[in-house]
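Here is how the chains run, residue by residue.
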Amino acid sequence: MNDILPADSPVWQELEETARRVFSTYGFREIRVPVVEKTELFCRSIGEATDIVEKEMYTFTDKGGHSLTLRPEGTAPVMRAFIQHKLHAADPIAKLYYCGPMFRHERPQKGRYRQFHQIGAEVIGVDDPKIDAQLLAMLVNYFDEVSIDDVELQINSLGCPECRPGYRQALVTFIEQRLDSLCDDCRRRYRNNPLRTLDCKVPGCRQATLDAPSVLDHLCGGCEDHFARVRRYLKNLRLPFAVNPRMVRGLDYYCKTTFELLTNRLGSQSAVAAGGRYDGLIRQLGGPDLPGIGFAMGLERLVLLKETADREHPAPALFIAGLGEAAADEAFRLMSLMQRSGIEVEMDYQGRSLKAQLRRADKLGAAQVLIIGEDELARGSAQLRTMADGSQQEVRLDIDTLRTLFT
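K.L.:
What should I look at first to understand the pattern of salt bridges in this one?
P.N.:
Two side chains bearing opposite charge may form a pair once their charged atoms approach each other closely. Under the counting rule described, the total for this entry stands at 20 salt bridges. Of the charged contacts, one joins R44 and E40 as a salt bridge, the two residues approaching to 3.9 Å between their closest N and O atoms. With a gap of 4 residues between them, R44 and E40 both fall in helix 2 (residues 39–45), about one helical turn apart. Across the salt bridge formed by R277 and D132, the nearest N and O atoms sit 2.9 Å from each other. On the criterion of sequence distance, the pair formed by R277 in strand 10 (residues 271–277) and D132 in helix 6 (residues 129–145) is long-range, its members being 145 residues apart.

Here's what the structure looks like:
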């Protein structure tokens, strides 16, 4: 787990504020859900044979004897809230987004922590491939807005309950002939979750499954048509993409369209955003039979990709130097009034000399310093110094005058 220090906060703020601005343009509204949920929610949605449930969740028993888990991902809690509060009663179509911390006890990698942060978006109630393409267009648009352009969109289809069983069986048969070449995890879970063998990062497993059956060769007519239309809409929008038939998701609830945004700047773990369809999830969790699609992106990884020339805190517009107790009191009053007007102002709190206060102003990067001494205070004026050239002009010691000068 890591701290986000003041020098880094502006980058995080930019990423979060841009998400709110871009997502709202596409009709999304923010939802905030607790960081703790019943453990059963994640076992039912993510799947008990996944790495997350088996190895990575922070699970504990509370004082009432209930098993609770720090949320490892955002989709299941959002669906729980959607069902619990009957949001579908007001409108069966919902566009929601969220932002916040997630928790997984996994091996740390570059840009990954055990407390990490995600921005995610979900669309509920629409199964038309147009919404798949629109969600991907919004995701690509977001990356453009935050000036991260060296990413590649890859897509795949995982089929549906009608065609997935046939593919699973073909994959299990293929894997059984190569068990000796697979890692312990893949050998243990290949029957319950055979698709995970295609996503295993162990070199021996990747080599052994190079010629594994492709899910795209086992799609039913409906899934094949859905995926073809998604590709057509993406082409109509002129969004570059590549089809990756080996792409799978680590969560059991995904079906049909799946996707990732990849970069080559973060090593082998190159996904910076990922998602897909989960048409049966809401029904599985006890809600109405509504389709859904969504994505999540890791903020820590975006911060690594974001190129910023200066992460320092922005300089104040004005520094007020008060010389003497009465002048310092007036400096404090003026600073507070200007801050309430939205002007960033700083002052000295230690009663130091003018020379020391000017050094502090220079360190903060203030372009101008308002100098108030006993004589200036008596005649209702102050000296406004420009730090770049040391020039000074006398100004009225009046809040309306100062507001005019700095707005």
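K.L.:
Mind showing me how you'd approach the sheet that holds strand 14 (residues 368–372) here?
P.N.:
Hydrogen bonds along the backbone pair up the strands of a sheet, which may run parallel or antiparallel. Strands sit in the order 13-12-14-15-16 across an open sheet of 5 strands; the sheet is mixed. Unpaired on one side and paired on the other, strand 13 (345–347) and strand 16 (392–396) mark the two borders of the sheet. This sheet shows a mean twist of 30 degrees between the axes of neighbouring strands, independent of strand direction. Here strand 12 (residues 318–322) runs beside strand 13; their pairing, made up of 3 bridges, is parallel. For I320, the partnering residue across the bridge sits in strand 13 and is M347. Packing against the sheet, helix 13 (residues 325–340) makes contact with strand 12, strand 13 and strand 14, and its axis sits at approximately 160 degrees to strand 13. Of the strands in this sheet, strand 12, strand 13, strand 14 and strand 15 (381–386) touch helix 14 (residues 354–364), which is tilted by about 165 degrees from strand 12.

K.L.:
Sorry if this is basic, but what is going on with helix 1 (residues 9–25) here?
P.N.:
Side chains of residues three or four places apart in an α-helix project in the same direction, reflecting 3.6 residues per turn. For helix 1, with 17 residues, the first-to-last C-alpha span of 24 Å sits near the 24 Å given by 1.5 Å per residue. Those residues of helix 1 that fall on the buried side of the exposure criterion are V11, W12, L15, T18, A19, V22 and F23. Seen end-on, helix 1 carries its buried residues on one side only, within an arc spanning 135 degrees. Relative to its buried face, helix 1 has exposed residues pointing more than 90 degrees away, namely E17 and T25. Taken together, the buried residues of helix 1 touch strand 5 (94–103), strand 6 (115–124), helix 6, strand 11 (292–298) and helix 12 (299–305). G27 occupies a position one or two residues after helix 1 and carries a positive phi of about 90 degrees.

K.L.:
I keep staring at the packing of helix 1 against helix 6 and nothing clicks. Help me out?
P.N.:
Angle between the axes and distance between the axes: these two values describe a pair of packed helices. Across the interface, helix 1 lies against helix 6 with an axial gap of 10 Å and an inter-helix angle of 135 degrees. Here helix 1 lies oblique to helix 6, going by the angle between them. The way helix 1 lies across helix 6 gives a crossing that is right-handed. Contacts between helix 1 and helix 6 involve L15, T18, A19, R21, V22 and F23 from the first element and M138, N141, Y142 and E145 from the second. Residue composition of the contact of helix 1 with helix 6, grouped by class: 6 nonpolar, 2 polar and 2 charged.

K.L.:
How do you make sense of the packing of aromatic side chains when you look at a structure like this?
P.N.:
Each aromatic ring pair is characterised by the separation of its centres together with the angle its planes make. Counted by the stated rule, this structure contains 5 aromatic pairs. On the numbers, 5.6 Å between centres and 75 degrees between planes, the contact of F23 with Y97 is edge-to-face. In this pair, F23 is assigned in helix 1 and Y97 in strand 5, connecting sequence segments 74 residues apart. Assessed through its relative accessible area of 7%, Y97 is described here as buried. Consider the rings of Y142 and F143, whose centres lie 5.9 Å apart with planes at 85 degrees: the pair is edge-to-face. Accessibility assignment for this pair places Y142 and F143 in one class, buried. Of the aromatic side chains, those joined through ring pairs into one cluster are F23, F28, Y97, Y142, F143 and F295. Sitting over the face of the ring of Y233, R232 holds its NZ or CZ atom 5.3 Å from the ring centroid.

K.L.:
How do you make sense of the sheet that holds strand 3 (residues 59–61) when you look at a structure like this?
P.N.:
Taken together, 3 strands build an open sheet; the order of strands is 2-4-3 and the sheet is antiparallel. With one partner strand each, in any of the chains shown, strand 2 (36–38) and strand 3 form the two edges of the open sheet. The mean inter-strand angle of the sheet, taken between neighbouring strand axes irrespective of direction, is 35 degrees. When strand 3 meets strand 4 (residues 67–70), the two strands line up antiparallel, connected through 3 bridges. Its bridge partner being in strand 4, T61 is matched across the sheet by S67.

K.L.:
Looking at this structure, I do not really get the nonpolar core. What am I missing?
P.N.:
A general trend in soluble globular proteins is that nonpolar side chains are found buried together. I31, M79, I124 and L171 are the most contacted members of the largest nonpolar core, which has 48 residues in total. Within the residue set of this core, elements represented by two or more residues are helix 2, helix 4 (75–84), strand 5, strand 6, helix 7 (164–176), helix 9 (203–208) and helix 11 (281–284). For this core, the leading source of residues is helix 4, giving 6 residues. Among residues more than four places away in sequence, those in contact with I124 are M79, F82, P92, I93, A94, L96, I282, L290, P291 and G292.

Parameters at a glance
Residues numbered from 1 in each chain as written. Predicted model: local features only at pLDDT ≥ 70, side-chain atom pairs only at ≥ 80, totals over all residues. Heavy atoms only, no water. Salt bridge = Lys/Arg side-chain N within 4 Å of Asp/Glu carboxyl O. Helix = DSSP H or I, 4+ residues; strand = E, 2+ residues; numbered from the N terminus. Pairing = 2+ DSSP bridges. Axes fitted to C-alpha atoms, helices over the stretch in contact; angles between N-to-C directions. Contact = heavy atoms within 4.5 Å. Expected span 1.5 Å × (residues − 1). Buried < 20%, exposed > 50% of the residue type's maximum accessible area, 1.4 Å probe, protein only. Arc of directions from axis to C-beta. Parallel < 35°, antiparallel > 145°, perpendicular 65-115°, else oblique. Left-handed = near helix turned anticlockwise from the far one by under 90°. Nonpolar A, V, L, I, M, F, W, Y, C, P; charged D, E, K, R; others polar. Phe/Tyr/Trp six-rings, centres within 6.5 Å; stacked < 30°, edge-to-face > 60°. Lys NZ or Arg CZ within 6 Å of the ring centre and 35° of its normal. Core = buried A, V, L, I, M, F, W, Y, C linked by side-chain atoms within 4.5 Å.

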